[in-house]
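Fold and geometry: a report
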Amino acid sequence: MDKDIMIGRMTRAMIVESPVVSADDGGGAEVIWQAVAENSVIAVQNLQVKAAEKLRFSQVSRRVTHKIAARNHPALVTGNRLVDAEGTAYRITETEQADRQGAYAVCYLERMV
């Protein structure tokens, strides 16, 4: 496990949301974000995005602006998003397990505009 990840540092609350796609009247689709059904509010710890990680994601055409650690949650998957108390949304671009037991996850995020 990353030595910087500590349960006591997970003090920032964020809501996990998933996209719901529905057809619109013009033949396209509309995306509405809604909180996941169970335990949608999670506590996270901000982590520093390292230069090597930024380079790794830029090579696969992904942009990473933030990195967080949290207790593992089934909704922490690529494509979902996290919303903080101020209403800022961050798309999950990738997740990985932070420890062998699978208790913690690290999420790489891109701030949505």
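This one's a predicted model, so the numbers in the text were calculated from it and none came from an experiment.

As a further point, take the overall build of the chain. The helix and strand tally for the chain stands at one helix and seven strands. From first element to last, N terminus to C terminus, the chain shows the α and β order β-β-β-α-β-β-β-β. Its C-alpha atoms give the chain a radius of gyration of 15 Å, within 12% of the compact-globule value 13 Å for 113 residues. In terms of overall dimensions, the chain has C-alpha extents of about 50 × 35 × 25 Å along its principal axes. Within the chain, the fraction of its 113 residues that count as buried is 36%. For the chain, the share of sequence-separated contacts (at least 6 apart) that also reach a separation of at least 24 residues comes to 56%.

Further remarks concern the environment of Gly102. Among the secondary structure elements, Gly102 is positioned in the loop between strand S6 (89–97) and strand S7 (104–111). On the accessibility criterion, Gly102 (22% relative accessible area) is partly exposed. In sequence terms Gly102 and Gly26 are 76 residues apart; their C-alpha atoms lie 44 Å from each other. In contact with Gly102, other than residues within four places in its own chain, are Asn72 and Gln97.

Mapped onto the fold, Gly79 is located in the loop between strand S4 (66–71) and strand S5 (81–84). For Gly79, a relative accessible area of 26% translates into the label partly exposed. Along the sequence, Gly79 and Cys107 sit 28 residues apart, while their C-alpha atoms lie 11 Å from each other. Once you skip the residues sitting within four places of it in the chain, Gly79 turns out to touch Pro19, Trp33, Arg91 and Ile92.

The next thing to look at is the nonpolar core. One finds Val16, Ile42, Ile68, Leu76, Leu82 and Leu109 to be the most contacted residues of the largest nonpolar core, which totals 15 residues. Going through the elements one at a time, strand S1 (12–23), strand S3 (41–47), S4, S6 and S7 are the ones with two or more residues in this core. By residue number, the principal contributor to this core is S7, which donates three residues.

Below, the discussion takes up the pairing of S4. Bridge count for S3 against S4 is four bridges, and the pairing is antiparallel. Note that in S4 the partner of Asn46 across the bridge is Ile68. Bridge count for S4 against S7 is six bridges, and the pairing is antiparallel. Within S7, the residue paired with His66 across the bridge is Leu109.

What counts and what doesn't
- Residues numbered from 1 in each chain as written.
- Predicted model: local features only at pLDDT ≥ 70, side-chain atom pairs only at ≥ 80, totals over all residues.
- Heavy atoms only, no water.
- Helix = DSSP H or I, 4+ residues; strand = E, 2+ residues; numbered from the N terminus.
- Rg over C-alpha atoms; globule rule 2.2 N^0.38 Å.
- Buried < 20%, exposed > 50% of the residue type's maximum accessible area, 1.4 Å probe, protein only.
- Contact = heavy atoms within 4.5 Å.
- Core = buried A, V, L, I, M, F, W, Y, C linked by side-chain atoms within 4.5 Å.
- Pairing = 2+ DSSP bridges.

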